[in-house]
Amino acid sequence: MMKKTGLFLAALAIGALGAAPAFAANVYETLKSDPQFSTLTKIIEANDLKFRYTEGNITVFAPTDEALANQPGGVDDLLVGDNPSNKENARALLLYSIVSGRHTPASLTGKVTEATTLQRGKVTIDGTQSPIHYGHSKFGANVSGDAIEASNGVIIPIDALPIPVFEETTPMAPAIQ
């Protein structure tokens, strides 16, 4: 009788966990628990950015493992975190993929949205395209899956690691006197 009661309680506990809200965890915990983002969470951890995914109201355009595996030049330098230059680059790339506020594909569809990234720059999200495009036309990424809700934001899977592109300006030549 005791074994049956124990099994029943264990089954009840598992059932209760399954009934918990799907977005009880923060963005970082949600990414970490989803196998399609295992490489991304390793990059986050290697570069000490976990806190950026646990605070605030954010939307993360998250490259999947498949996207990172297909990244030209690979992502090995982003996974190490021991070289200050590599760490700075990795942080810039990761923060470029996070925008303030909660955005869902439904709220982005049919319009072009300019959002502020945690890198403090602006990014264009083109919801007039199908799939929705994040970032620069050549160095951006496309939405590749359904949005995932978390307690402090939304995770939107994408098919590449978006790279910020800055407009180059040619300095004015000094005036000849």
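Going by the structure above, here's the rest.
Residues numbered from 1 in each chain as written. Predicted model: local features only at pLDDT ≥ 70, side-chain atom pairs only at ≥ 80, totals over all residues. Heavy atoms only, no water.

Brief notes about the overall build of the protein
Across its full length, the protein carries 7 helices and 8 strands. In the protein, which comprises 177 residues, the proportion classed as buried is 40%. Long-range contacts, defined as pairs at least 24 residues apart, comprise 62% of the intrachain contacts of the protein with a sequence gap of at least 6. Counting only carbon and sulfur atoms, one obtains 58% of the accessible surface of the protein, whose full area is about 10,500 Å². (Helix = DSSP H or I, 4+ residues; strand = E, 2+ residues; numbered from the N terminus. Buried < 20%, exposed > 50% of the residue type's maximum accessible area, 1.4 Å probe, protein only. Contact = heavy atoms within 4.5 Å. Areas by Shrake-Rupley, 256 points an atom, 1.4 Å probe, with all protein chains shown as cover.)

Some thoughts on the layout of surface pockets
What the largest pocket holds in volume is close to 210 Å³. Lining the largest pocket are 13 residues; nearest its centre among them are Tyr96, Lys122, Val123, Pro164 and Val165. Broken down by element, the lining of the largest pocket gets its largest block of residues, 3 residues, from strand β4 (residues 122-126). Residues belonging to the lining of the largest pocket are distributed by class as follows: 5 nonpolar, 6 polar and 2 charged. (1 Å grid on protein atoms, 1.4 Å probe; cavity = no way out; pocket = protein on both sides within 12 Å on 5 of 7 lines; lining within 4 Å. Points joined across faces, edges and corners; volume = space filled by probe spheres on them. Nonpolar A, V, L, I, M, F, W, Y, C, P; charged D, E, K, R; others polar.)

A few points about the pattern of salt bridges
Applying the stated criterion across every chain yields a total of 4 salt bridges. A salt bridge links Asp48 to Lys87, with the nearest nitrogen and oxygen atoms 2.8 Å apart. Taken together, the residues span a long stretch of sequence, with Asp48 in the loop between α3 (38-46) and β1 (58-63) and Lys87 in helix α6 (residues 84-96) at a distance of 39 residues. Given the relative accessible area of 19%, Lys87 is considered buried. The partner of Asp48 in a salt bridge is Arg91, with the nearest N and O atoms 3.9 Å apart. Here Asp48, found in the loop between α3 and β1, pairs with Arg91, found in helix α6; they are 43 residues apart in sequence, far enough to count as distant. Connected through salt bridges with shared partners, the residues Asp48, Lys87 and Arg91 form a single ionic network. (Salt bridge = Lys/Arg side-chain N within 4 Å of Asp/Glu carboxyl O.)

Concerning the side chain of Asn26
Along the chain, Asn26 falls in the loop between α1 (2-19) and α2 (27-33). By relative accessible area, Asn26 is classed as buried at 13%. Reaching out from Asn26, the side chain makes a polar contact with the backbone nitrogen of Glu29 at a distance of 2.8 Å. With residues up to four places along the chain from it excluded, the contact list for Asn26 reads Tyr53, Thr54, Ala150, Ser151 and Asn152. (Polar contact = N/O pair within 3.5 Å; in protein donor to acceptor, adjacent residues only side chain to side chain.)

Quick notes on the packing of aromatic side chains
Two aromatic rings are characterised by how far apart their centres lie and by the angle between their planes. What the rule picks out here adds up to 2 aromatic pairs. A ring pair is formed by Phe61 and Tyr134, whose centres lie 4.2 Å apart and whose planes are at 25 degrees; its orientation type is stacked. Here Phe61, found in strand β1, pairs with Tyr134, found in strand β5 (residues 133-134); they are 73 residues apart in sequence, far enough to count as distant. Judged by centre distance (5.8 Å) and plane angle (65 degrees), the rings of Tyr96 and Tyr134 are edge-to-face. Remark: Tyr134 occurs in strand β5 and Tyr96 occurs in helix α6; sequence separation between them is 38 residues. Exposure class is identical for Tyr96 and Tyr134. Each is buried. Here the aromatic cluster, defined as three or more aromatic residues joined through ring pairs, consists of Phe61, Tyr96 and Tyr134. (Phe/Tyr/Trp six-rings, centres within 6.5 Å; stacked < 30°, edge-to-face > 60°.)

Focus: the nonpolar core
Val27, Leu31, Leu40, Ile44 and Tyr53 are the most contacted members of the largest nonpolar core, which totals 25 residues. Those elements that place two or more of their residues in this core are α2, α3, β1, α6 and β7 (148-150). In terms of residue count, α6 provides more of this core than any other element does, 4 residues in total. In this structure Leu40 touches Leu31, Ala62, Pro63, Asp65, Leu68 and Leu94, once residues within four positions along its chain are discounted. In this structure, Tyr96, Leu108, Ile125 and Ile158 belong to the second largest nonpolar core, which totals 15 residues. (Core = buried A, V, L, I, M, F, W, Y, C linked by side-chain atoms within 4.5 Å.)

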